[in-house]
Amino acid sequence: MELEGKVAVVTGVSKGIGYATVKALLDEGCKVAGWSRSAPDIEHPNFKFYSTDVQRFDAVKAAYQATVGDFGEDIPILVNNAGLGFESPLVTQDHEQWRQMFATNVDGVLYCSQLVIPQMQKNDEGHIINIASIAGATGIPGMSAYCATKHAVRGLSHSLYKEVRNDGIKVTCIYPGSVNTNFFDAIDSVTTSTNMMRPQDIAETIVHALQTHPNYHQVDIEVRPLKPKG
């Protein structure tokens, strides 16, 4: 896809991977709508922020309608990045934290995708990028609930791409290993370090996937730090 002038929606843009992705897409000439609860420190003529809680369909729909009002109906790029995680053995997993993880990590993907897909189908062009995690391809002790949400994103992505591939729509699921972001602020067993990947590394991967030939589809992309312990 040629990115110059294209409209992209990115969720979870206040920091980390979402923030870096907005910056990378703007550098490529995209017009970017950022949907998240907190605003990023980004000022650019082609960027607009919409306060959104992806856990709630009414909030997502309001953000979508405002985005269409500002940028038009043609939104060929969606990056479902918003996500959160809490650490706990399953036997003591707090039910509210479980609900929050599924509502953000899974429901948010559903809500955002449902709104943009119909116009993508009309245009025979679109690319949905779902940010999962290496936790979506394996099990991690103490992170069973989070793993369950990311396994759900993987299953959703694999099924969705088969539903919409003949409409000219790509669905790519990215599985990052450890990335140096604020995600780990709530994970006591992990300390961030410069040996982790950088958010901009994931953003560059997203841009590369978007720029591929229309008939070339990267379904799964797994990325990890080369030397996680230095």
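The residue aspartate 124 is not glycine, and still its phi comes out positive at about 55°. Mapped onto the fold, aspartate 124 is located in the loop between helix H3 (95-123) and strand S5 (126-131). Aspartate 124 sits in the partly exposed class, given a relative accessible area of 49%.

A few words on the side chain of threonine 104. Here threonine 104 shows up in helix H3. When its relative accessible area of 7% is taken as the criterion, threonine 104 is described as buried. Aside from chain neighbours lying at most four places away, what touches threonine 104 is Val54, Gln55, Ala82, Gly83, Leu84 and Val109.

Another point: the pattern of salt bridges. For the structure on display, the rule yields four salt bridges. A salt bridge links glutamate 96 to arginine 99, with the shortest nitrogen-to-oxygen separation between them at 3.0 Å. Residue glutamate 96 and its partner arginine 99 are located together in helix H3, separated by three residues, close to a single helical turn. A salt bridge links glutamate 222 to arginine 224, with the nearest nitrogen and oxygen atoms 2.8 Å apart.

For any pair of aromatic rings, geometry is given as the distance between the ring centres together with the angle between the planes. In total, this model carries two aromatic pairs according to the counting rule given. Where tryptophan 98 meets phenylalanine 102, the ring centres are 4.9 Å apart and the plane angle is 35°; that geometry is what we call tilted. With tryptophan 98 and phenylalanine 102 both in helix H3 and four residues apart, the pair spans about one turn of that helix. Given a relative accessible area of 34%, tryptophan 98 falls into the partly exposed group.

Turning to the environment of phenylalanine 57, a few remarks are in order. As for its placement among the helices and strands, phenylalanine 57 is situated in helix H2 (residues 57-71). Since its relative accessible area comes to 33%, phenylalanine 57 is described here as partly exposed. Phenylalanine 57 sits 114 residues away from valine 171 along the chain, and the two C-alpha atoms are 21 Å apart. Excluding anything up to four places from it in sequence, phenylalanine 57 contacts Tyr111 and Leu115.

The strand order across the open sheet built from seven strands is S3-S2-S1-S4-S5-S6-S7, with neighbouring strands paired in parallel fashion. Looking along the sheet, the strands with just one partner apiece sit at the ends: strand S3 (47-51) and strand S7 (220-223). For this sheet the average axis-to-axis angle between neighbouring strands, irrespective of direction, equals 15°. Relative to strand S4 (residues 77-80), strand S1 (residues 7-11) runs parallel, the two sharing three bridges. Its bridge partner lying in S4, valine 10 is registered against valine 79.

Quick notes on the rules
- Residues numbered from 1 in each chain as written.
- Predicted model: local features only at pLDDT ≥ 70, side-chain atom pairs only at ≥ 80, totals over all residues.
- Heavy atoms only, no water.
- Helix = DSSP H or I, 4+ residues; strand = E, 2+ residues; numbered from the N terminus.
- Buried < 20%, exposed > 50% of the residue type's maximum accessible area, 1.4 Å probe, protein only.
- Contact = heavy atoms within 4.5 Å.
- Salt bridge = Lys/Arg side-chain N within 4 Å of Asp/Glu carboxyl O.
- Phe/Tyr/Trp six-rings, centres within 6.5 Å; stacked < 30°, edge-to-face > 60°.
- Pairing = 2+ DSSP bridges.
- Axes fitted to C-alpha atoms, helices over the stretch in contact; angles between N-to-C directions.

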